[in-house]
Amino acid sequence: MDKINCVSHLHASQLFHNKFIVVLGDSIQRSVYKDLVLLLQYDRYLCSEQLRKRGEMSFELDLLVEGGCLSPMHNGTNYREVRQYQCDHHLVRFYFVTCIYSDYMKSILEDFRRGLKPDLVIVNSCVWDISRYNYTWLSTYKENLITLFEELKGILPEESLVIWNLTMPLGERIKGGFLVPEQISHKASHLRHDVIEANFYSGTLAAAYNLDVLDLHFHFRFSLQHRAKDGVHWNALAHRRISTLLSLHAADAWGVELPLAACENITVAHPLPTLESARSDVAVMPKRIIWSPSSNDILNMEANAEPPHWQRDAAFQRPRINPYPLWNVRPEMNPYLPYHGSLRNMDTRAPPNYYGDAAYHAHAWNHGPLSNAWHLHVGAHTMTHPHVVRTRYTRHKYMPYIQHRPYLHY
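What counts, and where the lines are drawn
Residues numbered from 1 in each chain as written. Predicted model: local features only at pLDDT ≥ 70, side-chain atom pairs only at ≥ 80, totals over all residues. Heavy atoms only, no water. Helix = DSSP H or I, 4+ residues; strand = E, 2+ residues; numbered from the N terminus. Expected span 1.5 Å × (residues − 1). Buried < 20%, exposed > 50% of the residue type's maximum accessible area, 1.4 Å probe, protein only. Polar contact = N/O pair within 3.5 Å; in protein donor to acceptor, adjacent residues only side chain to side chain. Axes fitted to C-alpha atoms, helices over the stretch in contact; angles between N-to-C directions. Parallel < 35°, antiparallel > 145°, perpendicular 65-115°, else oblique. Left-handed = near helix turned anticlockwise from the far one by under 90°. Contact = heavy atoms within 4.5 Å. Pairing = 2+ DSSP bridges. Phe/Tyr/Trp six-rings, centres within 6.5 Å; stacked < 30°, edge-to-face > 60°. Lys NZ or Arg CZ within 6 Å of the ring centre and 35° of its normal. Salt bridge = Lys/Arg side-chain N within 4 Å of Asp/Glu carboxyl O.

Chemist: Is there a simple way to think about helix α10 (residues 236-254) in this case?
Modeler: Note that an α-helix has 3.6 residues per turn; residues three or four places apart therefore point the same way. Here α10 spans 27 Å end to end across 19 residues, near enough to the 27 Å set by a 1.5 Å rise per residue. With 18 of 19 residues buried, α10 is to be regarded as a mostly interior element. Where α10 begins, the side chain of N235 points an oxygen toward the backbone nitrogen of L237, at a separation of 3.3 Å. The first or second residue beyond α10 is G255, which carries a positive phi of 70 degrees.

This is how it looks when you write it as structure tokens:
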């Protein structure tokens, strides 16, 4: 997997243009979020320090909204971390969860119900569920999965794409924050087999609820050299492959042709000494690709359409980060902040209806502190754009164990 075809920064930026992405899960899903945020800005991989860090105040221009280093750091089941990356044309949010359905997950779903509806939800929760709550985890895990999938189907619109990631292979000897010392002796040895069983049930249930299933256990079963020495986490090459698989799934669902490029010239910025595939050479980072979508690009979205204003005007050739700090913005003035946890206590009034109140749109985005940000996304339900695909195409379910599709480069 050292020389693979992967999605580039330019094509990922165009694919997720004006999209709201939410990532839910554990530390591996946090690395998935970080790689997506990095890919939307640069054409390089995560470094070892970025993979190891958790709860930092900022990562590549994102912001820590809740939890993390803002509160005492610990490895308990009530650890919280909410992160968000926002620019003019991308919004990516991450929630750290330790249980697939709990009171905390209910509050996250309330964010979806009362705020912006995400275009793409990437979710996984398994290792914590089957190791920290109940020794006989199977029945509880299945019940929680069914409850979550039913809630998602009831809250999210039909256009939203939900991808359930199956858990990646675990090592024979594992160590991680989800395992307390008294559990290592009697759970660590068979946890990798429990993950396979949990993947079977979660994948089957997700497919039954018409959710997309990305079988990462299948894709990385022969790429164990990219797994960290702790037997749980993975290196930057693996996470770029995950971002490519997620992008291909999203492009297939949205009816977009997504080209892949050889990644042998894009290497890790720093060696990863803690990984099984540690490299001794240090490569120079490639130059950043300027974010400038083209009307005749490979995405085949109205190739002859008139270039939009952000392509004609040089001032819009690269998205700018909003200068207003998120913690100084009232929730009712910024629908991109989650109505979640401590942020919800900032204002007790009921939130406006962002999808039905046209008057609020006009006021909030012409006079509010974020009047210049995300102007295309706010009116996505009333405005059209030649580089944004909103129609969801009928897609056939992909079960990698029983069906081979050679024309898709998974």
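Chemist: Help me understand the packing of helix α6 (residues 138-155) against helix α8 (residues 191-208), please; the structure alone is not making it clear to me.
Modeler: Two quantities define a packed helix pair, namely the angle between the helix axes and the distance between the axes. Two numbers describe how α6 lies on α8: the axes approach to 10 Å, and their chain directions differ by 25 degrees. For the element pair α6 / α8, the angle class is roughly parallel. Like other packed secondary-structure pairs, α6 and α8 cross with a definite hand, here right-handed. Contacts between α6 and α8 involve L138, Y141, K142, L145, I146 and F149 from the first element and E197, A198, Y201, S202, L205 and A206 from the second.

Chemist: Before we go on, may I ask you to explain the sheet that holds strand β5 (residues 90-96) in this structure?
Modeler: Strand order in this open sheet of seven strands is β3-β4-β5-β2-β6-β7-β8, and the pairing throughout is mixed. The sheet is open, and its two borders are formed by β3 (63-67) and β8 (212-214), each paired with just one other strand. Across the sheet, the axes of successive neighbouring strands diverge by a mean angle of 15 degrees, strand direction being ignored. Examined bridge by bridge, strand β6 (residues 120-123) and strand β7 (residues 161-165) share four bridges and lie parallel to one another. Across the sheet, residue V123 finds its bridge partner in β7, namely W164. Against the sheet, α10 contacts β2 (19-25), β6, β7 and β8, and its axis sits at roughly 145 degrees relative to β7.

Chemist: For this particular structure, what's the right way to read the packing of aromatic side chains?
Modeler: Each aromatic ring pair is summarised here by two numbers: the centre-to-centre distance and the angle between the ring planes. One pass over the full model with this rule turns up ten aromatic pairs. The structure contains a cluster of three or more aromatic residues connected by ring pairs, namely Y33, Y79, F94, F96 and W128. Here the basic side chain of R54 rests over the ring of Y79, its NZ or CZ set 5.0 Å away from the ring centre. The ring centre of Y104 lies 3.9 Å from the NZ or CZ of R80, which sits over that ring.

Chemist: Even after reading the chapter, I still don't get the pattern of salt bridges, so can you show me in this structure?
Modeler: Side chains that differ in charge, positive against negative, can pair when their charged atoms come close. In the structure shown here, the tally under the stated rule is eleven salt bridges. Between K53 and E49 there is a salt bridge, with the nearest N and O atoms lying 3.6 Å from each other. The exposure class of K53 is partly exposed, given its relative accessible area of 42%. By relative accessible area, E49 is classed as partly exposed at 44%. R83 is the salt-bridge partner of D62, the closest N and O atoms lying 2.9 Å from each other. With D62 in the loop between α3 (48-52) and β3 and R83 in strand β4 (residues 81-86), this pair connects stretches of sequence that are 21 residues apart.

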